[in-house]
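Chain by chain, the residues run as shown.
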Amino acid sequence: MKFTDHVVLVAGGTTGINFAVAKAFAVEGAKVCVLSRSQTNVDTALEELTRVSASVMGRAADVRDTIQVSEAVAQVVSAWGDIDILVSGAAGNFVSPLSAMSSNGFKTVVDIDLLGSFNVMGAVYPHLKKPGASIVNISAPQSQLPTPAQAHVCAAKAGIDQLTRTAAMEWGPEGIRVNAISPGPIDDTEGMKRLGPTEESRKKWEQSVPLRRYGSKDEIADAAKWLCSPQASYISGVILPVDGGWSLGGSSAMTTALS
Ligand code: NAP
Ligand code: COA
């Protein structure tokens, strides 16, 4: 198996897309730790992960809290040693026009997505395997496309893209690759429950994707595994769209889908 004994930490890894990524690495033989705020989510995730691997752990931690993040990282390192792969995907979203968004609403999403990614990357960095480690941040098309009712996410994910590129430059000389995945609309996720809650809005989303369908969580997991594999050993600083071509449609696609 490709990731046998690799140590993988997935921030925000207890549900949805990130959980699918965590599980995919566990299936490939990796030692996997997932963290998120809710102990219930952690327990549920561990129940499923232990069905595919004996080397899994989970921890309730908020990526906005540097102490909680450091404690989680310390637990991983003391159990398994240096970290081979970090996937950073903790995120929050809600649909709100700027005029109805409070300062704290905007800040909350920026803090979870962008500051949270910074916190996790910073805590993990001293313990990354050098050379050879790989980081995958989970971005979103909003990072490139100005999107009504998504100003907080646009700002946060644009920051994640630049954080990704900057870390790729700073940490590349130590043999650390840093990339991001930008998923399109993904089926059966909290994100799309919020952005496309009705059958009608789902149809609009599907029509806006060149492949005319939602992606699956496994398709994002496959991309994450590939980015962390030796097959992608010369790829760093890339924001990889995994979106059925959706981002080619430009901002009009998102505006249509959300209107
Ligand atoms: P999700 O299931 O809600 O995933 C978000 C995860 O982050 C949850 O496990 C949540 O668990 C955790 N989380 C939230 N706030 C946190 C915090 N402060 N500290 C630690 N963990 C936190 O949603 P998803 O739709 O699968 O999205 C996963 C990722 O893909 C996100 O980065 C999202 O922006 C990105 N994305 C999704 C789509 C899509 O179609 N769904 C499209 C583009 C990009 P707790 O509640 O337990 O904390
Ligand atoms: N519209 C406008 N503002 C909203 C809102 C909405 N739908 N939902 C929350 N907010 C505002 C709140 O009013 C609050 O601002 P205020 O103090 O000025 O009133 C601020 O956002 C923080 O809300 P709170 O509920 O305290 O934040 P939290 O840290 O408990 O939760 C969220 C963060 C709001 C992002 C929550 O939706 C969440 O936990 N999401 C995680 C799952 C998710 O979003 N998955 C999809 C990922 S793509």
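Residues numbered from 1 in each chain as written. Chains lettered and ligands numbered in written order. Predicted model: local features only at pLDDT ≥ 70, side-chain atom pairs only at ≥ 80, totals over all residues. Heavy atoms only, no water.

The protein is annotated in an unreviewed UniProt entry as SDR family oxidoreductase from Spongiibacter nanhainus. UniProt's Sequence similarities (unreviewed entry) comment on the protein is quoted here verbatim: "Belongs to the short-chain dehydrogenases/reductases (SDR) family." (UniProt positions renumbered as here; feature names shortened; annotations may be inferred.)

Engineer: Quick question: what am I supposed to make of the packing of helix 1 (residues 16–27) against helix 2 (residues 39–49) here?
Structural biologist: What describes two packed helices is the angle between their axes and the distance between those same axes. Helix 2 packs onto helix 1 with a crossing angle of 30 degrees between their chain directions and a minimal axis gap of 11 Å. Between helix 1 and helix 2, the interaxial angle falls into the category roughly parallel. For helix 1 against helix 2, the interelement crossing comes out right-handed. Across the interface between the two elements, F19, A22, K23 and A26 of helix 1 pack against A45, E48 and L49 of helix 2. In terms of residue class, the contact of helix 1 with helix 2 is built from five nonpolar, no polar and two charged. (Axes fitted to C-alpha atoms, helices over the stretch in contact; angles between N-to-C directions. Helix = DSSP H or I, 4+ residues; strand = E, 2+ residues; numbered from the N terminus. Parallel < 35°, antiparallel > 145°, perpendicular 65-115°, else oblique. Left-handed = near helix turned anticlockwise from the far one by under 90°. Contact = heavy atoms within 4.5 Å. Nonpolar A, V, L, I, M, F, W, Y, C, P; charged D, E, K, R; others polar.)

Engineer: What is the right way to look at the layout of surface pockets in this model?
Structural biologist: If you add up the space inside the largest pocket, you get close to 1,100 Å³. Along its surface, the largest pocket is lined by 45 residues, and G89, A91, G92, E190 and G191 are the ones closest to its centre. Sorting the residues of the lining of the largest pocket by element identifies helix 1, strand 2 (31–36), helix 4 (103–124), helix 5 (151–171) and helix 6 (190–195) as the ones contributing at least two each. The element that contributes the greatest number of residues to the lining of the largest pocket is helix 6, accounting for six residues. Classifying every residue of the lining of the largest pocket gives 19 nonpolar, 16 polar and ten charged. When its volume is computed, the second largest pocket comes out at roughly 150 Å³. (1 Å grid on protein atoms, 1.4 Å probe; cavity = no way out; pocket = protein on both sides within 12 Å on 5 of 7 lines; lining within 4 Å. Points joined across faces, edges and corners; volume = space filled by probe spheres on them.)

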